[in-house]
Amino acid sequence: MPGQRRILVTGATGTVGRQVVAQLLETGAEVRALTRDSESAGLSDGVEVVRGDLTDPDSLQASLKGVEAVFLIWPFATAEGMPAVLEVVAAQARRIVYLSSAAVRGHERQAEQLIGRSGLEWTFLRPHAFAANALRWAEQIRTEAVVREPYGAAAMPPLHERDLAAVAVHALVGDGHIGATYELTGPEILTQAEQVSIIGEVIGRPVRWEETSSQTARQQMLARGWPPAAVDGILRAQAEMVIEPRATTATVGEVTGARARTFRTWASDHAGEFRAT
Ligand SMILES: NC(=O)c1ccc[n+]([C@@H]2O[C@H](COP(=O)([O-])OP(=O)(O)OC[C@H]3O[C@@H](n4cnc5c(N)ncnc54)[C@H](OP(=O)(O)O)[C@@H]3O)[C@@H](O)[C@H]2O)c1
């Protein structure tokens, strides 16, 4: 892959963006990392950290100067505000790689349509469930070695953030990805209870799945301040995955040339977050 390109990474402090930044640096690209708080971004040397907010398109102007390609995450539940952001992006950059979702909910479909009409060269990444979603169990595992949730039998192919980022990097700096929509998964289908069991094996401490009711889970998520529509969407998706597990795709391997990482590898990479201190 050719290097020496200037790329803007949004969501650079997040699960996926941090990996995109790290892997872009390895290609020799010049990386600009966008954050709302440059003081606490904690990004490595060699990255130009720039302040900007996706809700304020003007704040992105400076960060886009001389940028050829943009990795865009859109961490909002609506596509409102995206046209103005795309206008600012298209005035400077040529290419955009958008982190969509395999669920392609209304706002994600709308975002894809807006990007399709923006005049930018685009690639859409549609990942299924992130392996990193398991981090929501970390505290329960550290303190009690038990996970209490509904739908332990919900089955999915969890995707390592490093593999998602690797596909993003190919699309940002490589050839042959313009106009592609990539549906991305990990290599194996696992139930949530199986994921918890693998985490236990990796940390050397058995971890138990304890099934709770979806009503209890709903109340707990609402009490944490999650929007009711999001809570219902997550629980509905999990209920569906009990009956019809999401299938795997071979796309990570096809794009990167490397086999997608297993959930066990992901759990090993994050074992420190699950071990009791
Ligand atoms: N979890 C899944 O299973 C799954 C599956 C498919 C798709 N997705 C999609 O993945 C995306 C989340 O990716 P992630 O997990 O890597 O993110 P994350 O770890 O939750 O981090 C969120 C990032 O968004 C940035 N951000 C938030 N508000 C912002 C704003 N107003 N302006 C600029 N940046 C802002 C944050 O940057 P600062 O705080 O530094 O500004 C941070 O880097 C979502 O769009 C989600 O729909 C997730």
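Residues numbered from 1 in each chain as written. Predicted model: local features only at pLDDT ≥ 70, side-chain atom pairs only at ≥ 80, totals over all residues. Heavy atoms only, no water.

Caption draft 1: Here's a closer look at the sheet that holds strand β5 (residues 95–99). Taken together, the seven strands give an open sheet; going across it, the order is β3-β2-β1-β4-β5-β6-β9, and neighbouring strands pair in parallel fashion. A single partner strand is all that each edge strand has here, and the edge strands are β3 (47–51) and β9 (180–184). On average, each strand axis in the sheet is inclined to that of its neighbour by 20°, with strand direction left out of account. Here helix α5 (residues 161–173) sits on the sheet in contact with β1 (6–9), β4 (69–73), β5, β6 (121–127) and β9, set at roughly 160° to β5. (Pairing = 2+ DSSP bridges. Helix = DSSP H or I, 4+ residues; strand = E, 2+ residues; numbered from the N terminus. Axes fitted to C-alpha atoms, helices over the stretch in contact; angles between N-to-C directions. Contact = heavy atoms within 4.5 Å.)

Caption draft 2: Expanded view of the domain arrangement of the protein. Splitting the protein by domain gives domain 1 (6–127) and domain 2 (132–158 + 187–246 + 260–277). Here the C-alpha centre of domain 2 lies 28 Å away from the C-alpha centre of domain 1. (Domains from an automatic or database assignment.)

Caption draft 3: Spotlight on the environment of phenylalanine 76. Residue position: phenylalanine 76 is located in the loop between β4 and α2 (82–90). Separated by 71 residues in the primary sequence, phenylalanine 76 and arginine 5 place their C-alpha atoms 28 Å from one another. Residue contacts for phenylalanine 76: discarding those within four places in its chain leaves Leu54, Thr55 and His107.

Caption draft 4: Structural context of empty space enclosed by the protein. Here the structure, examined in full by the defined rule, presents one cavity of 30 Å³ or more. The calculated volume of the largest cavity comes to roughly 30 Å³. As for the largest cavity, its lining consists of Leu8, Thr10, Leu54, Leu60, Leu64, Val70, Leu72, Val85 and Val89. Across the lining of the largest cavity, the residue classes tally to eight nonpolar, one polar and no charged. (1 Å grid on protein atoms, 1.4 Å probe; cavity = no way out; pocket = protein on both sides within 12 Å on 5 of 7 lines; lining within 4 Å. Points joined across faces, edges and corners; volume = space filled by probe spheres on them. Nonpolar A, V, L, I, M, F, W, Y, C, P; charged D, E, K, R; others polar.)

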